[in-house]
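Residue-level structural notes
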Amino acid sequence: MTAIKHALQRDIFTPNDERLLSIVNVCKAGKKKKNCFLCATVTTERPVQVKVVKVKKSDKGDFYKRQIAWALRDLAVVDAKDAIKENPEFDLHFEKIYKWVASSTAEKNAFISCIWKLNQRYLRKKIDFVNVSSQLLEESVPSGENQSVTGGDEEVVDEYQELNAREEQDIEIMMEGCEYAISNAEAFAEKLSRELQVLDGANIQSIMASEKQVNILMKLLDEALKEVDQIELKLSSYEEMLQSVKEQMDQISESNHLIHLSNTNNVKLLSEIEFLVNHMDLAKGHIKALQEGDLASSRGIEACTNAADALLQCMNVALRPGHDLLLAVKQQQQRFSDLRELFARRLASHLNNVFVQQGHDQSSTLAQHSVELTLPNHHPFHRDLLRYAKLMEWLKSTDYGKYEGLTKNYMDYLSRLYEREIKDFFEVAKIKMTGTTKESKKFGLHGSSGKLTGSTSSLNKLSVQSSGNRRSQSSSLLDMGNMSASDLDVADRTKFDKIFEQVLSELEPLCLAEQDFISKFFKLQQHQSMPGTMAEAEDLDGGTLSRQHNCGTPLPVSSEKDMIRQMMIKIFRCIEPELNNLIALGDKIDSFNSLYMLVKMSHHVWTAQNVDPASFLSTTLGNVLVTVKRNFDKCISNQIRQMEEVKISKKSKVGILPFVAEFEEFAGLAESIFKNAERRGDLDKAYTKLIRGVFVNVEKVANESQKTPRDVVMMENFHHIFATLSRLKISCLEAEKKEAKQKYTDHLQSYVIYSLGQPLEKLNHFFEGVEARVAQGIREEEVSYQLAFNKQELRKVIKEYPGKEVKKGLDNLYKKVDKHLCEEENLLQVVWHSMQDEFIRQYKHFEGLIARCYPGSGVTMEFTIQDILDYCSSIAQSH
């Protein structure tokens, strides 16, 4: 086995820088026995790698080859099968279980022992050794503490070691001194034995010589021990003396500790008493102010505010542990609670009286505002109440129930006051819009909804007066309610625009001032809140604030924002219905008023959202803007519907259609209203819908026209549309402008060709025959040889159209065109000039055919191009 081990080391492991530590001859269990060797190796270089290598003898020769290697760290379990009885079988658990049978139990035990040592030395992960004798593992432990596992392995496993260089050198020197060592080994051995005996004798003599020195050393040690005993006795006596001193010092230290502890306790007690006196003592002046202070005067309010703040500080002082158990502290806290309750009742009662008085005082000033379109100013009332803002903040933090009650009472009183003011304000606005006067009942306008009752007859009267100015063409267009948009002049619309702007301008500062006051007076944060609706204020009508803490604690920030919004909805709940009623009235007076309202309302919504997008004003105006936009869309839809319903007279010429003229009026008005407006996109969308409706219905009417030719209807109306769009320069309708121009041009050409027809009818038929022969393949210069198209036939046809007949035909054509065209669009000269050009084109065409087909014949028309120009000019001037 030793020879095999050395051979494996030399041939397999030394080239790979590995050392072979243990080897076992094995075969696989349960199969045909094919012997191989399991080798435990370590690398000679660091870091050391430990492996189990399977080596097998080659089938082709006597050399060995490395078959497979496992890292020892991958070994999980070593199973020796039986720890008591000798059994050569064992298992190694790598990624799978390998079962082996060793050639002998001794080899197996030696290999397992080596694996155990390597595991102890190199691996952090410990391998489980199952069914291994504990005695085997104990014997494998190194005898020395510092002896390495590798060293132990070398002593146990390595039975043979090669001589190093120095050992070889020493043996060579010794053998050179005895040249006969090789020839006579016995003599060499005898010489070595003699030299060894000499060395042993020298060692014995050396030992005997050192015995005397040992005895002297022992005596010196005995004397040293005696000196040590004497020193220990002295140290013991000193220790006893120091022990008594220590006890006395301990007593003094304990006494000093007690004195220090007493002083510390006195200082702490004094600090606690000073803390309670400084923080829980309320001045007599503050107590008197809370009990009897004047809440009507500025000086009294200031004194009460200071006293309330001092009381709040005393009540909110952070007591230290144990303070609440003191009787004096409990009594003082009870006294503070009574003062707080008393002052809270006084404050709430006084403010309620202020709210009631404000309602009476403000009502007395309504009469002077009733004839003017202005809202009463609440600034003096807000200014007086803001003196109590700090007291309201105190009440909110100390008694939320009374704070909530004041909030409800304020909303109740102010909502009734604002409702009267706002309704009267809107009644005045309606009177100014309709032009009616004050009747026996308030302005002839009644009901909380603000609907018109007494002014219906006035509207009917106004409608009758305006009907005289209505154009006959627009009798069927834009008939909305009792009035038409075309019945009112620019002054009436401007008047409505100013009134509507004044209404919004009065409401905006009123709402903003009230919201700002609520935020300051009730100490509520008003920004970054989500928009609300009227539905959220339903609980307010029932007397409870929604989303509040029932426990009386202050609301969080988000709930405070909601509270401001709900209070504004309750106080100004009539604004949105009144605005909607005013918008309905304006739309009834003139549907085009929706344009003014859309622009004004959009601007005010934009302004309000820039100030605070979540404010009540922004939300309310935004809701009303939806209604205005809906009315605007309805106005556009009605115009399109009335375009579709328009009927034309069968006895008179059509001319410019009513809805074309109305579109011009609408576009001109809209451009003046929407200049630099925020809602330009809505107008552009409306333009697109209207212009499509105009195009479709112009074509529809042209198809149905009996008196006026279709091309004339299309030409005149699309010319009017093109002129309108060119003048107004509406950017979103550029494509429609080009389309209108194209339609106008196409139908002008079509009408010219249709009306002009064939003024030289027989001559035209003659040349059509000539062109037909050329098309059949006859050369142009040979056409004159055709019997039906010879020179004589040509001269015969030309003689039938002298200049006099041509002029007569053109004069009749001019009269016919003049009869078709309307005077409004003034297209007669344009059409006549186009007909002149078309006639000249036909003349040139005939002249060209004569020159090509009848060359050198001398045949010409009996009138010239100049004659045609003179005829047309003469006819146009005569008419």
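Cut-offs and rules
Residues numbered from 1 in each chain as written. Predicted model: local features only at pLDDT ≥ 70, side-chain atom pairs only at ≥ 80, totals over all residues. Heavy atoms only, no water. Helix = DSSP H or I, 4+ residues; strand = E, 2+ residues; numbered from the N terminus. Contact = heavy atoms within 4.5 Å. Areas by Shrake-Rupley, 256 points an atom, 1.4 Å probe, with all protein chains shown as cover. Pairing = 2+ DSSP bridges. Axes fitted to C-alpha atoms, helices over the stretch in contact; angles between N-to-C directions. Patch = residues over 30% accessible without salt bridge, like charges linked within 9 Å, V, L, I, M, F, W, Y side chains within 5 Å. Salt bridge = Lys/Arg side-chain N within 4 Å of Asp/Glu carboxyl O. Lys, Arg positive; Asp, Glu negative; His and termini not counted. Charge placed at Lys NZ, Arg CZ, Asp CG, Glu CD. Buried < 20%, exposed > 50% of the residue type's maximum accessible area, 1.4 Å probe, protein only. Phe/Tyr/Trp six-rings, centres within 6.5 Å; stacked < 30°, edge-to-face > 60°. Parallel < 35°, antiparallel > 145°, perpendicular 65-115°, else oblique. Left-handed = near helix turned anticlockwise from the far one by under 90°. Nonpolar A, V, L, I, M, F, W, Y, C, P; charged D, E, K, R; others polar. Expected span 1.5 Å × (residues − 1). Arc of directions from axis to C-beta. Core = buried A, V, L, I, M, F, W, Y, C linked by side-chain atoms within 4.5 Å. Disulfide = S-S within 2.5 Å. pLDDT = per-residue confidence, 0-100.

**Description of the overall build of the chain**
Scanning the chain from terminus to terminus reveals 29 helices and 10 strands. In the chain, the share of contacts with a sequence separation of at least 24, taken over all contacts with a separation of at least 6, comes to 70%. Accessible area for the chain stands at about 49200 Å²; split by element, carbon and sulfur atoms hold 51% of it.

**Some words on the sheet that holds strand β3 (residues 50–57)**
Pairing is mixed in the open sheet, where eight strands are placed in the order β4-β3-β2-β1-β7-β6-β5-β8. Only two strands of the sheet have a single neighbouring strand rather than two, namely β4 (64–71) and β8 (128–130). With direction set aside, neighbouring strand axes in the sheet form an average angle of 30°. On the sheet, helix α1 (residues 2–13) packs against β1 (18–28), β2 (36–43), β3 and β4 and is oriented at approximately 115° with respect to β1. Together, β1, β2, β3, β5 (77–79), β6 (89–93), β7 (97–102) and β8 form the strand contacts of helix α2 (residues 105–122), whose direction differs from that of β1 by roughly 135°.

**Things to note about a negative patch on the surface**
Together, Glu-167, Glu-168, Asp-170, Glu-172 and Glu-176 make up a negatively charged patch on the protein surface. You can see Glu-176 is positioned in helix α5 (residues 165–177).

**Some words on unusual backbone geometry**
A cis amide bond, omega 0°, links Arg-46 with the succeeding residue Pro-47. Summarising the element assignment, Pro-47 is placed in the loop between β2 and β3. A positive phi angle, close to 60°, is found at Asp-17, a residue other than glycine. If you trace the backbone, Asp-17 turns up in the loop between α1 and β1. Taking the relative accessible area as the measure of exposure, Asp-17 reaches 38% and is therefore partly exposed.

**Section: the packing of aromatic side chains**
Within a pair of aromatic rings, the relevant descriptors are the distance that separates the centres and the angle that separates the planes. Tallied over the full model, the rule gives 30 aromatic pairs. Relative to Phe-94, the ring of Trp-70 lies with its centre 5.0 Å away and its plane at 15°, an arrangement referred to as stacked. Separated by 24 residues along the polypeptide, Trp-70 in strand β4 and Phe-94 in the loop between β6 and β7 bring together distant segments of the chain. Residue Trp-70 shares its accessibility class with Phe-94, and that shared class is buried.

**What to know about the packing of helix α28 (residues 828–853) against helix α29 (residues 865–878)**
Running from N to C, α28 and α29 cross one another at 160°; their axes reach a closest spacing of 10 Å. Judged by the angle between their axes, α28 and α29 are roughly antiparallel. When you trace α28 past α29, the crossing you get is right-handed. Taking contact as the criterion, the partners of Gln-829, Trp-832, Gln-836, Phe-839, Ile-840, Tyr-843 and Lys-844 in α28 are, on α29, Ile-865, Ile-868, Leu-869, Cys-872, Ile-875 and Ala-876. Of the residues assigned to the contact of α28 with α29, the class counts are 10 nonpolar, two polar and one charged.

**Let's talk about a nonpolar patch on the surface**
Residues Val-214, Ile-216, Leu-217, Met-218, Leu-220 and Leu-221 make up a contiguous nonpolar surface patch of roughly 570 Å² in combined accessible area. Considering the arrangement of structural elements, one finds Leu-217 in helix α6 (residues 185–279).

**Looking at α29**
Over its 14 residues, α29 extends 20 Å from the first C-alpha to the last, a length consistent with the 20 Å expected when each residue adds 1.5 Å. Taken together, the buried positions of α29 are occupied by Ile-868, Tyr-871, Cys-872, Ile-875 and Ala-876. The buried residues of α29 all sit within an arc of 125° when viewed along its axis, so they share a single face. Seen from the open side of α29, the exposed residues pointing more than 90 degrees away from its buried face are Gln-877 and Ser-878. Where α29 is buried, its residues touch α27 (803–820) and α28.

**Considering the nonpolar core**
Ranked by internal contacts, the top residues of the largest apolar core, which has 175 residues, are Tyr-410, Leu-763 and Val-831. Element by element, the count of residues in this core is highest for helix α13 (residues 400–434), at 14 residues. If near-sequence neighbours (up to four positions away) are discounted, Leu-763 is found in contact with Leu-794, Val-797, Ile-798, Tyr-801, Phe-846 and Met-861. Counting residues in each nonpolar core, the second largest holds 32 residues, with Val-26, Ala-80, Ala-102 and Ile-112 among its members.

**Section: the pairing of β2**
Most of β2 is tucked away: eight of the eight residues are buried. Side chains of β2 alternate between two faces, with Cys-36, Leu-38, Ala-40 and Val-42 and Phe-37, Cys-39, Thr-41 and Thr-43 buried alike. Strand direction decides the pairing type here: β1 and β2, joined by eight bridges, are antiparallel. By the bridge assignment, Ser-22 is partnered in β2 with Ala-40. Strand direction decides the pairing type here: β2 and β3, joined by six bridges, are antiparallel. Considered in β3, the bridge of Ala-40 is made with Val-52. What sits between the antiparallel neighbours β2 and β3 is a turn of six residues.

**Description of the environment of Ser-133**
Looking at where Ser-133 falls in the secondary structure, it is placed in the loop between β8 and α3 (134–139). Relative accessible area serves as the criterion here: at 23%, Ser-133 is assigned to the partly exposed category.

**Some remarks on the pattern of salt bridges**
If you walk through the whole model with that rule in mind, you get 34 salt bridges. Look at the salt bridges and you will find they share partners, linking Glu-341, Arg-345, Asp-399 and Lys-402 into a network.

**A closer look at the environment of Val-806**
When you line up the elements, Val-806 lands in helix α27. For Val-806, a relative accessible area of 7% gives the class buried. The sequence separation of Val-806 and Asp-867 amounts to 61 residues, and the corresponding C-alpha distance is 9.6 Å. Each residue touching Val-806, except ones within four places of it in the same chain, is listed here: Leu-760, Tyr-801, Phe-839, Phe-863 and Tyr-871.

**As for the state of the cysteines**
Under the counting rule described, the total for this entry stands at zero disulfides. Left unpaired, Cys-574 is separated from the closest cysteine sulfur, that of Cys-511, by 9.4 Å.

**Quick word on the packing of helix α22 (residues 680–704) against helix α24 (residues 734–756)**
Axis separation between α22 and α24 bottoms out at 11 Å; the angle between their running directions is 15°. One way to sum up the angle between α22 and α24 is to call them roughly parallel. In this structure, α22 crosses over α24, and the sense of that crossing is left-handed. From α22, Ile-691, Arg-692, Phe-695 and Glu-699 reach across to α24, where they touch Glu-736, Glu-739, Ala-740 and Lys-743. Among the residues forming the contact of α22 with α24, the class breakdown is three nonpolar, no polar and five charged.

**With respect to the confidence of the model for the chain**
Summarising the model, the chain shows a mean pLDDT of 79, and 84% of its residues fall at 70 or more. The secondary-structure element of the chain with the lowest mean pLDDT is helix α14 (residues 456–467), recorded at 32, while β2 shows the highest, at 93. Note that residues 437–488 has pLDDT below 50 and, in this model, 89 contacts with residues that lie over four places away or in other chains. Here residues 528–555 scores under 50 on pLDDT; set against residues more than four positions off or in separate chains, the count is 60 contacts.

**Describing the environment of Lys-737**
Relative to the assigned elements, Lys-737 resides in helix α24. Linking Lys-737 and Ile-691, residues 46 residues apart in sequence, is a C-alpha distance of 9.8 Å. Ignoring any residue separated from it by four or fewer positions in sequence, one finds Lys-737 in contact with Phe-722, Leu-725 and Ser-726.

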